[in-house]
Amino acid sequence: MCCTPTSSPVRTFIRRYVYTVLLLTLAVGCKSAEDLFSEGQALEAQGRYAEAAFRYVDSLEKEENAAVRARLVEAGTRAMEAYVAQIGAALDAGDPVTAADRYRNADELLGAAGGVGVALPTFDTYAEDRRATFDAAIDALLQAGADADRAADYEAAIDAYDRAALYDPAPMQQTSLDAARADSYAAWSEAALAAGRFRTAYDRAERALSFAPGDRALLDLQAAILAAGSIRIAAFPTETRDSRATRDLPRDFQEALNDRLEDDVWSQPPLFVVATYPPDVRRAIRGLSGGDERYGRRGTSVELARILDANLAVATRVEAFEREEDERKRETRSADRRGGGTATYTYVETDIDLSATLAYEVIEARTRRVLCEGDVDRTVDVRLRTGLYRGNPDDLDLDRNERRLFDDEFLEDEERDLEEALRLALAERLGNRVYTCIERAVP
């Protein structure tokens with residue numbers, strides 16, 4: 001397939017224009033100079049002079065041709081005459097915005113033709129009249145935006161200000177447009193906050209800040225939005241289900257997993273989620289009446305969440321852990337002895353797979369309703385390379401990599417790294433699941 005068009009995420013007014021231009025550009029790239037010339041002639045015969053002129057430009061960019069150049073002059077001149085007439089008609093009708101659009105169309109044609117060495121004719125005061133029309137269009141759109149703001153139609157207001165920015169605003173005009181957009185987004189944000197649409201409110205305040213960086217009132221507005229819309233959670237240390245499914249769990253795995261969750265997940269919540277400080281959670285557990293035997297029950301988690309003034313309790317439990325070994329290779333190798341002679345040892349490659357399942361629940365503290373629950377499964381693997389020798393491996397003359405085959409400390413580090421990789425994977429997946437669940441509860 002020669003060409004595949006793509007879409008552009010811009011506002012409706014600009015998007016249609018950009019998409020049309022993109023389609024034409026992609027189509028042009030697939031055609032020969034002769035094809036483009038023929039298309040231009042057909043368009044010119046229909047009185048579509050601007051389109052014809054652009055086809056001629058595209059043809060000349062592919063291949064120089066005097067006949068094409070002559071047609072560009074003719075079609076381009078007629079197109080410019082049509083633009084001038086449209087500009088005059090729009091101004092007579094009191095529509096400076098349409099007139100400004102026609103000036104932009106004319107600018108595009110002049111630039112394209114100039115790019116292939118053709119200077120199309122314009123009237124003597126083109127530049128001055130263009131600037132005056134752009135100024136009038138900006139003023140009209142600023143007024144239209146202000147009217148839309150008063151009607152609380154903030155989307156229409158922003159569209160008006162964004163459109164005004166297309167007409168080459170002077171520095172003072174740009175300042176006015178930025179201020180207008182900041183005010184419009186701020187008002188939109190406040191309206192959304194009043195309606196309890198916190199995410200929309202925060203986003204609009206963020207956009208307002210893009211036009212008024214560091215504005216104290218806008219920063220305070222964002223803080224107020226977060227304070228009003230955030231959900232406070234209490235994430236409790238992971239427990240372990242005492243069963244055959246977890247009998248192979250390494251002794252310190254659970255404690256290290258809790259550390260990883262505290263460091264990488266519960267201490268880094270997304271917007272609109274506030275996680276209770278982990279030491280405060282542990283302090284509340286230690287103060288729990290009834291001892292450790294109560295901890296881990298759903299009712300206890302809810303009770304602790306209430307004590308910690310949290311909206312949600314997050315409880316997790318290791319449901320299963322499995323370690324599997326699969327020997328992939330075994331061979332006999334020779335090595336020199338340090339004292340002379342040779343010896344043989346066995347080289348072994350073994351795949352180690354670690355897998356674990358975490359169950360989680362997110363529970364509303366006030367109603368005890370389970371907001372969401374599920375399991376997180378992750379598996380990690382490594383290929384361990386070990387050596388077996390009946391004597392003292394230090395007697396063998398081995399290079400660094402070969403010596404590691406008999407280095408118990410190195411092999412233990414490989415195993416610990418694998419366990420840490422599993423904890424990282426579990427923590428990442430659990431955090432994604434839990435926070436996605438909680439974020440859905442924020443309007």
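Below, the structure is looked at part by part. Nothing here was measured: the structure is a model prediction, and the numbers come from that model. (Residues numbered from 1 in each chain as written. Predicted model: local features only at pLDDT ≥ 70, side-chain atom pairs only at ≥ 80, totals over all residues. Heavy atoms only, no water.)

**Side note on the pattern of salt bridges**
Worth spelling out the cut-off: Salt bridge criterion: a side-chain nitrogen from Lys or Arg within 4 Å of a carboxyl oxygen from Asp or Glu. Each helix is a run of H or I in the DSSP string that is no shorter than four residues. Each strand is a run of E no shorter than two, and both are numbered from the N terminus. The cut-offs for exposure are 20% and 50% of the maximum accessible area for each residue type, with area from a 1.4 Å probe on protein chains only; residues under the lower value are buried, those over the upper are exposed, and the others partly exposed.
The final tally for this structure, using the stated rule, is 36 salt bridges. Of the charged contacts, one joins Asp147 and Arg150 as a salt bridge, the two residues approaching to 2.3 Å between their closest N and O atoms. Here Arg150 and Asp147 lie together in helix H6 (residues 126-150), a separation of three residues that amounts to about one turn. By relative accessible area, which is 38% here, Asp147 ends up partly exposed. As a salt-bridge pair, Lys329 and Glu331 come within 3.7 Å of each other at their nearest N and O atoms. With a relative accessible area of 34%, Lys329 lands in the partly exposed category. Salt bridges linked by common partners bring Asp326, Arg328, Glu349, Asp351, Arg383 and Arg385 together as one network.

**A look at the pairing of strand S5 (residues 342-364)**
Our working definition: At least two bridges found by DSSP between two strands are what make those strands a pair.
S5 sits mainly inside the fold: 19 of its 23 residues count as buried. Where strand S4 (residues 312-337) and S5 come together, 23 bridges link them in antiparallel fashion. Paired with Glu327 across the strands is Thr350, a residue of S5. As judged from the 18 bridges shared by S5 and strand S6 (residues 370-388), these two strands associate in the antiparallel manner. Looking at the pairing, Ala356 lines up with Arg378 of S6.

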